[in-house]
Amino acid sequence: MKFKLFLFSFTFFSFIQTNYAQVNYTLTILDSGHRVSLRGLSAINNQVFWVSGSSGTVFRSEDGGKTLEKLTVKGFEKRDFRDIDALDARHAYIMAVDSPGLILKTSDGGKSWKTIFTDTSKGVFLDAFAFNQDGAAVVVGDPLQNKLAYMLLKKKDDDHFQKSMNSPVLETGEAFFAASGTNVQYVPGTRDYVLVSGGMVSRFFNKNEITKLPLLQGAETTGANSIAVWDKDNMYVVGGDFLHDKDITGNACYTKDGGKTWLYPETPPFGYRSCVMYLKENILLTCGTSGVDISTDGGIHWKNISTLGFHVCQLSKDGKVVFLAGQGGRIARLTLE
Ligand SMILES: *[C@@H]1O[C@H](CO)[C@@H](O)[C@H](O)[C@H]1NC(C)=O
């Protein structure tokens, strides 16, 4: 079923200026017309993007959001699809968190879906997945028994997921958030991935390095929610406490040496943030339930561009446009000039 999306559409033209660079942007707020929580987003270009969320919701647009197609995932109408990764307008994977944990795939633009992974074990909770350009994937979930993190890997051109042999051992109360599907990421152009945890303990993991993040932690609702990876050295992490979403304490940090050492921004984002993304080497965008911020100096200083809440922001794979999605079915498009 297709329906008009531009029922309520507001556009803000603006620019921000810092000592470092000027960025002009246009934020267009769209409304899906469905009061669902949207946490999965995958954008191909300024026309094609996919969004997923609660109540079995998957949306797809092929015209930059002018019209939004609501897809039905037959038999899974009540599931919470917290993450989505689309390869193009026809191929996409979606992930349902628990009871059971599921990964489904479509190859026909969402007309039909095939279940390619199911875990019915008690306590399974999938948080996020990431795919690299070879089609390899990593899936991260909450710990299951013996404090072992739940981690799956998929090889190129093969839909079979296998438990990782070297999943990191987690500390008591350490877990992963299913906030925006972005706490696991591949280092661009490689088969190496990084993860960030939260809860009682918030840490960074890559194949050689496990370091404690200087973020707010010590409660179930605190810690890292998202990591953005520019290259093997430069990465940015956001989080905080989603119960206190205007609190700026320990809500962001970055590394310039692949995670060995972490630094605080001088002007942090304006509250708890669930997603962060590099738009260019020094331009970053972050969002959370209390607003959206941009940085033009590599994340050292942040400026708020909206107080509207979003769970997830994603740069399109062609690097031309950003889409955002959040609670209440809210979707937006951010264009940088
Ligand atoms: C930035 O945040 C302040 C304080 O919450 C608010 O008054 C202002 O309107 C925000 N700016 C934008 C562009 O939303």
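These lines cover the structure that appears in this document, whether it is placed above or below. As a convention, each chain's residues are numbered from 1 in the sequence order in which they are written. At least 70 in pLDDT is required for a residue's local features to be given in this predicted model, at least 80 for side-chain atom pairs to be given and counted, and no such filter applies to totals for whole chains, interfaces and linings, which use all residues. Here the side-chain values reflect all heavy atoms present in the structure, with hydrogen atoms and water set aside.

All right, on to unusual backbone geometry then. With omega at -10°, the peptide bond leading from S99 into P100 counts as cis. Mapped onto the fold, P100 is located in the loop between β9 (92-96) and β10 (101-106). Residues other than glycine seldom take positive phi values, yet S55 does so here, at roughly 55°. Under the scheme used here, helices are H or I runs from DSSP no shorter than 4 residues and strands are E runs no shorter than 2 residues, and both carry numbers assigned from the N terminus. When you line up the elements, S55 lands in the loop between β5 (49-53) and β6 (58-61). Using a relative accessible area of 44% as the deciding quantity, one classes S55 as partly exposed. We note that S99 has phi near 50°; this positive angle belongs to a residue other than glycine. One can find S99 in the loop between β9 and β10. Between buried and exposed lies partly exposed: a residue is buried under 20% and exposed over 50% of the maximum accessible area for its type, with that area taken using a 1.4 Å probe on protein chains only.

We now examine the layout of surface pockets. Only protein atoms enter the 1 Å grid used here, on which a cavity is any set of points holding a 1.4 Å probe that cannot leave and a pocket is any open set flanked by protein within 12 Å on both sides along at least five of seven lines; residues with an atom within 4 Å of a point are listed as lining. Grid points are joined across faces, edges and corners, and a volume is the space filled by probe spheres set on the points. A volume near 1,000 Å³ is recorded for the largest pocket. What lines the largest pocket is a set of 41 residues, among which D85, F131, N132, Q185 and K317 lie closest to the centre. Those elements that provide at least two residues to the lining of the largest pocket are β4 (38-43), β8 (81-86), β12 (126-131), β17 (184-186), β22 (222-229), β25 (275-278) and β29 (312-315). Element by element, the count of residues in the lining of the largest pocket is highest for β8, at four residues. Residues are grouped as follows: nonpolar covers Ala, Val, Leu, Ile, Met, Phe, Trp, Tyr, Cys and Pro; charged covers Asp, Glu, Lys and Arg; every other residue, Gly included, is treated as polar. Split into classes, the residues belonging to the lining of the largest pocket amount to 21 nonpolar, eleven polar and nine charged. Reported here for the second largest pocket is a volume of approximately 360 Å³. Residue lining of the second largest pocket: 21 residues in total, with F176, F177, A178, E220 and F242 positioned closest to the centre. Mapped by element, the contributors of at least two residues to the lining of the second largest pocket are β16 (174-175) and β19 (198-199).

In this section: the site of the ligand. Every residue near the ligand is listed here: N304, I305, S306 and T307. Any pair of N or O atoms that falls within 3.5 Å is considered a polar contact. Within protein, one atom must be able to donate a hydrogen and the other to accept it, and sequence-neighbouring residues count only if both atoms are side-chain atoms. Between N304 and the ligand, the recorded distance is 2.2 Å, taken from a side-chain N or O atom to an oxygen atom. Methods summary: accessible areas were calculated by the Shrake-Rupley approach with a probe of 1.4 Å, and residue burial reflects only the protein chains presented. In the complex, 37% of the free accessible area of the ligand, which totals 360 Å², lies under the protein chains. Of the residues belonging to the shell around the ligand, the class tally is one nonpolar, three polar and no charged. Being near a molecule or strand, for a residue, comes down to having at least one heavy atom within 4 Å of it.

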